[in-house]
Amino acid sequence: MNAAVATSIFGAFMVLTVVLGLLAVRGRGSGGGLTEWSVGGRSLGTVFIWVLMAGESYTSFSYLGAAGWGYNFGAPVLYVLAYMSCGYAIGYVVGPMLWAYARRHGLVGITDMVAHRYGRAWPGTAVAILATVCLLPYIQLQITGMGVVVSTISYGAISLNWAYFLGFAVTTGFVVVSGLRGSAWVSVLKDILVIGTLGFLAVYVPLHYFGGYGPFLDRIVAEKPQWLTFPGHASGGLGQGWFITTTLVNSLTVVIFPTTVAGYLGARNADALRRNAMYLPFYNVLLFVPMLLGLAALFIVPGLVGADSNLALFKLVVDSLPAWAVGVIGVAAALSSIVPMAVFMLVIGTMWGRSVLGAIPRLAHRQKLWSQLVVVAAGALALLLTYTAPNTLVRLSLISYEGMAQLVPMLLLGLVWRRLTLYAAVSGLVVGFTLVCVLVFTGNDPVWGMNAGLVALAVNVVVALAVTWLGPRAADDRPDAEVLALEDEFPREEAPRDAAVGETGVAGVARGTGEAGASTSASA
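Model, not experiment: these values are computed from the prediction.

Novice: I would appreciate a short explanation of the packing of helix α8 (residues 122-153) against helix α16 (residues 323-356) in the present structure.
Specialist: In a packed pair of helices, the relevant descriptors are the angle between the two axes and the axis-to-axis distance. Two elements in contact, α8 and α16, have axes separated by 9 Å at closest approach and are oriented at 160 degrees. When the axes of α8 and α16 are compared, the pair comes out roughly antiparallel. Viewed along their axes, α8 and α16 form a crossing whose handedness is left-handed.

This is the structure in structure tokens:
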């Protein structure tokens, strides 16, 4: 009976999710092309941007990983709160800058920006491939997270394999049709459920099991003091140095992460992004809940080891709540997998449809179609590897964030400093990414107590500066206004260039710039 109730509630909400995603584009027809599909026609207001970007923060990690880290280690898990809050502060400046640059030149992602900044199509193609390697593991992690949640809340009635497929099918079902706008609509439902369920659990668990927060915290201090200080309990050296450097590198990375940039570019105006940067940190308060519940689980369900520790929160839920409540909380956790998974798939599709397949002149006029097909292919590949070789993408996930960090100089430094050359940016990226792989896969992260990604990023910057000053310089006669992000606001009375650029932007770069790096705007 419990399984039937919880599964029925879950199934009803999954149908509602697909319906919401499809309703998001009702009345819009098939017009708008790639811009409408990939960045919502650059028309999303503050509320939709807020819930969409919060959706990237509240993934399955919020219900599984955060509680698992709290259960296993304790204090080091607070790095998530630190880097996200710092990232929002940086995003207050960077978000409007990237939004204005992309809208001025009719761009739809970071690969577009790289190709336009350096006047070549191939750097955008290379970045698309690199970013795909770093993003595919996140799709698999969301599929896996949803599978674990669904199997648990159904009391084992739904197998992991079927749960994996459900996650893929539901996500693909609406994102292919409705794109970023559909993800934003589903994010509203997800956020209502997340705020409601985590708010309830924050009150219920301490009262039900400990008699209140006072006795709960007193017990942690008395019996588990190592979980409250750095480097945490058995964390393997995640001390203060690691915490500071991880916060720094992740806060820089999150503002140029392809999914974050997709949220930026979907905004109606730059002010929506500034307001969003101020409001998002309030959402972070909710992340304390799964972390605290992970600590509570130490006393209620002791002895969880390995992957089972990620189920610390749901062990509490299934242990003490009726089936209908388990179902609702499970839906919130499942949607916390579906929304970010949808954006990851959409971003990969956009990058390939625009900067890889779209860079081929004879394919450039069907960029939206190629993007949608790549969405299905990327999700199917992640699902297949989840079934057949799960450790393949799990291994890649170790370098995902630190690898993406190596794009910071190429993108952010390149958009504000004209002298940074393509050769320098690529040299720094290659050296930095290689160093990350070496350090992580040889077990040297952290290195000297610091995050390996920040060490590699520092070397990346040094190499980029050295090659800029000492290496060759390609001729580029475009004015600064065409190359750099000099303004952070797009004139409201000026018509957007998206309609003029259409679906040939990157192919235009490939045909029109040549080795001299001439202006891309005319060819686009």
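Novice: Please explain the pattern of salt bridges as it appears in this structure.
Specialist: Between side chains of opposite charge, pairing is possible as soon as their charged atoms come close. Evaluation of the coordinates by the stated rule reveals 7 salt bridges. Between R418 and D480 there is a salt bridge, with its nearest N and O atoms 2.6 Å apart. Separated by 62 residues along the polypeptide, R418 in the loop between α20 (408-416) and α21 (422-441) and D480 in helix α23 (residues 480-483) bring together distant segments of the chain. Look at D480 and you get partly exposed, because its relative accessible area is 38%.

Novice: Hey, could you run me through helix α13 (residues 270-284) in this one?
Specialist: What sets the pattern is the α-helix's 3.6 residues per turn: residues three or four places apart point alike. For α13, which comprises 15 residues, the first-to-last C-alpha distance of 22 Å matches the rise-based estimate of 21 Å (1.5 Å per residue) to within 8%. Along α13, the helix axis deviates most sharply at A277, where the bend reaches about 30 degrees; the proline P281 sits within four residues downstream. Measuring from the backbone nitrogen of D271 back to the side-chain oxygen at the start of α13 gives 3.2 Å, which picks out N269 as the cap.

Novice: For this particular structure, what's the right way to read the packing of helix α10 (residues 213-223) against helix α14 (residues 288-300)?
Specialist: At a minimum axis distance of 11 Å, the contact between α10 and α14 shows a crossing angle of 70 degrees. Put simply, α10 runs roughly perpendicular to α14. By crossing handedness, the relation of α10 to α14 is classed as left-handed. Contact with α10, carried on its side by Y213, F216, R219, I220 and E223, involves L292, L295, A296 and F299 of α14 and no other residues of that element. By residue class, the composition of the contact of α10 with α14 is 7 nonpolar, no polar and 2 charged.

Novice: Is there a simple way to think about α8 in this case?
Specialist: With 32 residues, α8 extends 47 Å from end C-alpha to end C-alpha; this agrees with the ideal 46 Å at 1.5 Å per step. Its maximal kink placed at V133, α8 deviates by approximately 30 degrees, while the proline P137 follows within four residues. Of all 32 residues in α8, 24 are buried, a share of seventy percent or more. Looking one or two places after α8, you find Y155, whose phi comes out positive at around 55 degrees.

Novice: Explain the confidence of the model for the protein chain to me, please; I cannot follow it from the model alone.
Specialist: Close inspection of predicted coordinates is inappropriate in any region flagged by low pLDDT. When pLDDT is averaged along the protein chain, the result is 86; 90% of the residues meet or exceed 70. For residues 488-497, every residue scores under 50 in pLDDT, and the model assigns this stretch 23 contacts once sequence neighbours within four places are set aside. Across residues 509-524, confidence stays below pLDDT 50; counting only partners more than four residues off in sequence or on other chains, it has 43 contacts.

Novice: How do you make sense of the packing of aromatic side chains when you look at a structure like this?
Specialist: In this description, a pair of aromatic rings is defined by centroid distance and the angle of the planes. Applying the stated criterion across every chain, the model contains 20 aromatic pairs. For the ring pair Y138 and F257, a centre distance of 5.8 Å and an interplane angle of 85 degrees mean the geometry is edge-to-face. A residue pair is termed long-range when its members are at least 10 positions apart, and Y138 in helix α8 and F257 in the loop between α11 (240-254) and α12 (258-265) qualify at 119 residues. Both residues of the pair, Y138 and F257, belong to the buried class. A ring pair is formed by F165 and F168, whose centres lie 6.3 Å apart and whose planes are at 50 degrees; its orientation type is tilted. Of this pair, F165 and F168 both sit in helix α9 (residues 160-210), 3 residues apart, which is roughly one turn of that helix. Using a relative accessible area of 12% as the deciding quantity, one classes F168 as buried. Among the aromatic side chains, those forming a connected cluster through ring pairs are W69, F73, Y79, Y83, Y138, W242, F257, F344 and Y401.

Novice: When you look at unusual backbone geometry in this model, what are you seeing that I'm missing?
Specialist: Most peptide bonds take the trans form, and the phi angle of most residues other than glycine is negative. Across the junction of F230 and P231, the peptide omega takes the value 5 degrees, indicating a cis bond. As for its placement among the helices and strands, P231 is situated in the loop between α10 and α11. Phi at A234 takes a positive value of approximately 50 degrees, unusual for a residue other than glycine. By relative accessible area, A234 is classed as exposed at 60%.

Novice: Sorry if this is basic, but what is going on with the nonpolar core here?
Specialist: It is characteristic of soluble globular proteins that their nonpolar side chains tend to be buried jointly. Counting 161 residues, the largest nonpolar core has Y63, L98, M113, I139, F314 and L407 as the members making the most contacts within it. Examining the composition of this core, we find that 20 residues originate from one element, α16, more than from any other. When neighbours within four sequence positions are excluded, M113 is seen to be in contact with L98, Y101, A102, L107, V261, L265 and L411.

Novice: Could you clarify how one ought to interpret the environment of Q406 in this entry?
Specialist: Mapped onto the elements, Q406 comes out in the loop between α19 (400-404) and α20. A polar contact of 3.0 Å, which involves the side chain of Q406, links it to the backbone oxygen of E402.

Novice: Would you mind going over a nonpolar patch on the surface with me for this structure?
Specialist: Residues Y92, V93, M278, Y279 and F282 make up a contiguous nonpolar surface patch of roughly 550 Å² in combined accessible area. When contributions to the nonpolar patch are tallied by element, the ones reaching two or more residues are α6 (79-105) and α13. Residue contributions to the nonpolar patch peak at 3 residues, all from α13. Relative to the elements of secondary structure, F282 occurs in helix α13. Residue classification places F282 among the exposed residues on the basis of a relative accessible area of 63%.

Parameters and conventions
Residues numbered from 1 in each chain as written. Predicted model: local features only at pLDDT ≥ 70, side-chain atom pairs only at ≥ 80, totals over all residues. Heavy atoms only, no water. Axes fitted to C-alpha atoms, helices over the stretch in contact; angles between N-to-C directions. Helix = DSSP H or I, 4+ residues; strand = E, 2+ residues; numbered from the N terminus. Parallel < 35°, antiparallel > 145°, perpendicular 65-115°, else oblique. Left-handed = near helix turned anticlockwise from the far one by under 90°. Salt bridge = Lys/Arg side-chain N within 4 Å of Asp/Glu carboxyl O. Buried < 20%, exposed > 50% of the residue type's maximum accessible area, 1.4 Å probe, protein only. Expected span 1.5 Å × (residues − 1). Bend = angle between axes of the 7 residues up to and from the residue. Polar contact = N/O pair within 3.5 Å; in protein donor to acceptor, adjacent residues only side chain to side chain. Contact = heavy atoms within 4.5 Å. Nonpolar A, V, L, I, M, F, W, Y, C, P; charged D, E, K, R; others polar. pLDDT = per-residue confidence, 0-100. Phe/Tyr/Trp six-rings, centres within 6.5 Å; stacked < 30°, edge-to-face > 60°. Core = buried A, V, L, I, M, F, W, Y, C linked by side-chain atoms within 4.5 Å. Patch = residues over 30% accessible without salt bridge, like charges linked within 9 Å, V, L, I, M, F, W, Y side chains within 5 Å. Areas by Shrake-Rupley, 256 points an atom, 1.4 Å probe, with all protein chains shown as cover.

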